[in-house]
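# Overview (structure and organization)
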Amino acid sequence: MKLAHEEMSAFGGPPLPDAGALDALIRGAHGDPFALLGPRRGGDATAVYTLQPGAEAVQLIARDSGELLCELRMRHPAGFFSGDYPGQQPYRLRIVWPGDVEQITDDPYAFGPLLSER
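What counts, and at which threshold
- Residues numbered from 1 in each chain as written.
- Predicted model: local features only at pLDDT ≥ 70, side-chain atom pairs only at ≥ 80, totals over all residues.
- Heavy atoms only, no water.
- Phe/Tyr/Trp six-rings, centres within 6.5 Å; stacked < 30°, edge-to-face > 60°.
- Helix = DSSP H or I, 4+ residues; strand = E, 2+ residues; numbered from the N terminus.
- Buried < 20%, exposed > 50% of the residue type's maximum accessible area, 1.4 Å probe, protein only.
- Contact = heavy atoms within 4.5 Å.
- Pairing = 2+ DSSP bridges.
- Axes fitted to C-alpha atoms, helices over the stretch in contact; angles between N-to-C directions.
- pLDDT = per-residue confidence, 0-100.
- Salt bridge = Lys/Arg side-chain N within 4 Å of Asp/Glu carboxyl O.
- Core = buried A, V, L, I, M, F, W, Y, C linked by side-chain atoms within 4.5 Å.

## A look at the packing of aromatic side chains
Two descriptors summarise a pair of aromatic rings, namely the distance from one centre to the other and the angle between the planes of the rings. In total, this model carries 3 aromatic pairs according to the counting rule given. Between Tyr85 and Tyr91 the ring centres are 6.4 Å apart and the planes differ by 70 degrees, which places this aromatic pair in the edge-to-face class.

This is the structure in structure tokens:
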């Protein structure tokens with residue numbers, strides 16, 4: 001699967017990470033995963049990037065209602081998914097694992113970094 005780095009999100013969000021940054025993320029060697037993962041709010045939409053190795057599918061659902069916000073598209077076979085939805089409401093991840101096992105979880109990158117360099 002080829003990763004299209006120049007692609008923007010459907011709502012004009014940030015482009016996908018470059019190949020070097022994505023490779024470092026997948027290897028666990030990226031120095032700032034918050035720079036690549038989680039929500040990117042802009043205007044009337046939110047773009048979301050997540051790494052879910054082994055997942056078959058990932059959806060965003062509204063935190064309060066469970067309503068489907070969007071299907072994330074697998075952008076790299078190592079489990080890098082992205083997508084966007086109109087609005088800026090809080091979301092959760094609905095992840096489908098092999099064997100149709102479904103998991104609903106918060107996105108840890110949706111909260112931003114909690115520790116400082118001090």
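## Let's talk about the environment of Ala62
Relative to the helices and strands, Ala62 is located in strand 3 (residues 57–62). Looking at Ala62, the relative accessible area reads 4%, which means it is buried. The spacing of Ala62 and Pro90 is 28 residues in sequence and 6.2 Å in space, taken between C-alpha atoms. Ignoring any residue separated from it by four or fewer positions in sequence, one finds Ala62 in contact with Glu67, Leu69, Gln89 and Pro90.

## As for the sheet that holds strand 5 (residues 80–86)
Pairing in this open sheet of 7 strands is antiparallel, and the strands run 1-2-5-4-3-6-7 from one edge to the other. Edge positions in the sheet fall to strand 1 (38–42) and strand 7 (101–105), since each of these pairs with one other strand and no more. Strand after strand, the sheet turns through a mean of 25 degrees between neighbouring axes, direction not considered. Inspection of the sheet shows strand 6 (residues 91–97) paired to strand 7 by 5 bridges, in the antiparallel sense. Within strand 7, the residue paired with Ile95 across the bridge is Gln103.

## Some points on the environment of Gly20
Examined against the element boundaries, Gly20 turns out to sit in helix 1 (residues 19–27). Along the sequence, Gly20 and His30 sit 10 residues apart, while their C-alpha atoms lie 9.4 Å from each other.

## Remarks on the confidence of the model for the protein chain
Looking at the protein chain as a whole, the pLDDT averages 86, with 81% of positions reaching at least 70. Note on residues 1–6: pLDDT is under 50 here. Beyond four places in sequence and across chains, it has 15 contacts.

## Topic: the pattern of salt bridges
Applying the stated rule across the entire model yields 4 salt bridges. The closest approach of N and O atoms between Asp23 and Arg27, which form a salt bridge, is 2.9 Å. Of the two residues, Asp23 and Arg27 are both situated in helix 1; the distance of 4 residues between them amounts to about one turn of the helix. Of the residues examined, Asp23 reaches a relative accessible area of 40% and is grouped as partly exposed. Among the residues examined, Arg27 registers a relative accessible area of 56% and is labelled exposed. Within this structure, Arg63, Arg92 and Asp106 form a network of salt bridges that share partners.

## Some details on the nonpolar core
Core analysis: the largest hydrophobic core is formed by 14 residues, its most contacted members being Val58, Leu60, Tyr85 and Tyr91. A total of 4 residues in this core trace back to one element, the largest contributor, which is strand 6. Every residue in contact with Leu60, bar those within four places of it in the chain, is listed here: Val48, Glu67, Leu68, Leu69, Cys70, Leu72, Tyr85, Tyr91, Arg92 and Leu93. Listed in part, the 9 residues of the second largest apolar core include Leu22, Leu36, Ala47 and Phe80.

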